[in-house]
Amino acid sequence: MPLELELCPGRWVGGDHPCFIIAEIGQNHQGDMDVAKRMIRMAKECGADCAKFQKSELEHKFNRRALERPYTSKHSWGKTYGEHKRYLEFSHDQYRELQKYAEEIGIFFTASGMDEMTELNLREDQIQLVHTVRTYLRLDLNSDFPDSKPSTIHCTTHQPQEQGFGNLSTLTIILKRANGEGMGGEVILGHATVTQMAVEFLDELNVPFFKVGSGDTNNFPYLEKTAKKGRPMVISSGMQSMDTMRQVYNIVKPINPNFCILQCTSAYPLLPEDVNLRVITEYQKAFPDIPIGYSGHETGIMVSVAAVALGAKVLERHVTLDKTWKGSDHQASLEPGELTELVKAVRLVERALGSPVKHLLPCEVACNEKLGKSVVAKVRIPEGTILTMDMLTVKVGEPKGYPPECIANLIGKKVKVNIEEDDTITEEAIENLSKKIKS
């Protein structure tokens, strides 16, 4: 039985728990908070379990040349790729607002942290400085601490309208101490430029689980550091090999056993012949102690429903309000009507999967009484006759008689009463015959 894990508070996945359905909003919100909220509400109303976004600190996801290259696609929101991505990137405060909205309407909220989690190249005194700042995360860092504090912290930032470390992507911290000559005299103890990476921000945001996008799955330092955060993880496997996924499992499992792997093919939209749902069963064999799921980029819902039938315990699909909108993901996304149908179909398939135990069900009793067959006398059989196979046949009989699957048990048995041709053979008519009950 695959491992069960509590992916979100009170919501378990794996085993016999319902498939966890993630509505991947990504950046289909067009950079518009109102659209993003409409999409969160849409995900909730369509029956999804979670609304998911994508969070990046762009300078740590892309190098300078990648951000500066011209971007002339019909899907572009800027002249360069960097301008395009910045247009679609929400700030930390906006993420907090979206999370609060999701909580208000009752749907889980998370995001993929889509940038490198490199360690800062800081001196020991700078590292201590950063730790000091983090002690005061919720203070206004642009003002002095009360006089009772021995030190003051000042910061400058690329986003000066935002205050407090938790609201900042990048800031320069200057730690100062009064030198005894009054407020005008200060000794600079140290300074450091600090970037709060996306995963660190999402951890601070207290998301229920981390989603690792396919592009970061073979980024093993990132994977290890994310696993050490201790939150459940959902790891996509697009663009990866089976050998890589075994390495992923071996890296994450000893650190954080609460994770699952999703079969995924990174193409938008995805053709059916490239889906390879059979990888789900291969993952189930290779990693029998974690749940396996599916992240789909195909059009329509049939392939995703099939994935659930094969045992996918987490299902992720991109969603949109309108497939004709600007953006390369919209075409491979589900509109509200499709998402609603997907959720209904998944829940129907889960009911249909039912139990692996095969037996006569209560709903079959009426049909069995009407059409179920019994052993019948092919000829007249006098009392005292020893039964042979050529005396017997199988028909729908009235009343119900001996079950045909047990006909071999009748051979060699003695008949206690006269049985007319075409009469049902009953247990009571045969000597030393145990009663057979169909189950």
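Residues numbered from 1 in each chain as written. Predicted model: local features only at pLDDT ≥ 70, side-chain atom pairs only at ≥ 80, totals over all residues. Heavy atoms only, no water.

### Structural notes on the pattern of salt bridges
Scanning the model with the defined rule gives 21 salt bridges in all. A salt bridge links Glu420 to Arg380; the nearest nitrogen and oxygen atoms lie 3.3 Å apart. Remark: Arg380 occurs in the loop between β14 (373–377) and β15 (392–396) and Glu420 occurs in the segment after β15; sequence separation between them is 40 residues. Exposure remark for Glu420: the relative accessible area of 38% places this residue in the partly exposed category. A residue is classified by how much of its surface remains accessible, and Arg380, at 44% relative accessible area, is partly exposed. Where Lys395 meets Asp422, a salt bridge forms, and the shortest distance between an N and an O atom there is 2.8 Å. Linking Lys395 in strand β15 with Asp422 in the segment after β15, this pair joins segments that are 27 residues apart in sequence. The partly exposed category is assigned to Lys395, whose relative accessible area is 37%. Through salt bridges with shared partners, a single ionic network connects Arg11, Asp49, Arg347 and Glu350. (Salt bridge = Lys/Arg side-chain N within 4 Å of Asp/Glu carboxyl O. Helix = DSSP H or I, 4+ residues; strand = E, 2+ residues; numbered from the N terminus. Buried < 20%, exposed > 50% of the residue type's maximum accessible area, 1.4 Å probe, protein only.)

### Brief notes about the confidence of the model for the protein chain
Fine structural detail should not be taken from predicted coordinates in areas where pLDDT scores are low. On average, residues of the protein chain score 85 in pLDDT, and 80% of them are at 70 or above. Every residue in residues 117–123 is under pLDDT 50, and counting partners more than four places away or in other chains gives 17 contacts. Counted against residues more than four places away or in other chains, residues 134–194, with its pLDDT under 50, gives 128 contacts. (pLDDT = per-residue confidence, 0-100. Contact = heavy atoms within 4.5 Å.)

### A few points about the packing of aromatic side chains
Summed over the entire model, instances satisfying the criterion amount to 13 aromatic pairs. Between Phe20 and Phe209, the aromatic rings sit 6.0 Å apart at their centres with planes inclined by 85°, giving edge-to-face as the arrangement. Residue Phe20 is located in strand β3 (residues 20–26), and its partner Phe209 is located in the loop between α7 (198–205) and β9 (210–212); the two are separated by 189 residues in the primary sequence. Accessibility expressed as a relative area gives 0% for Phe209, which makes it buried. Among the aromatic side chains, those forming a connected cluster through ring pairs are Phe53, Phe90, Tyr95, Phe109 and Phe201. The lysine or arginine in question, Arg69, covers the ring of Tyr81, its NZ or CZ lying 4.4 Å from the ring centre. The ring of Trp77 is capped by Lys326, whose NZ or CZ atom sits 4.1 Å from the centre of that ring. (Phe/Tyr/Trp six-rings, centres within 6.5 Å; stacked < 30°, edge-to-face > 60°. Lys NZ or Arg CZ within 6 Å of the ring centre and 35° of its normal.)

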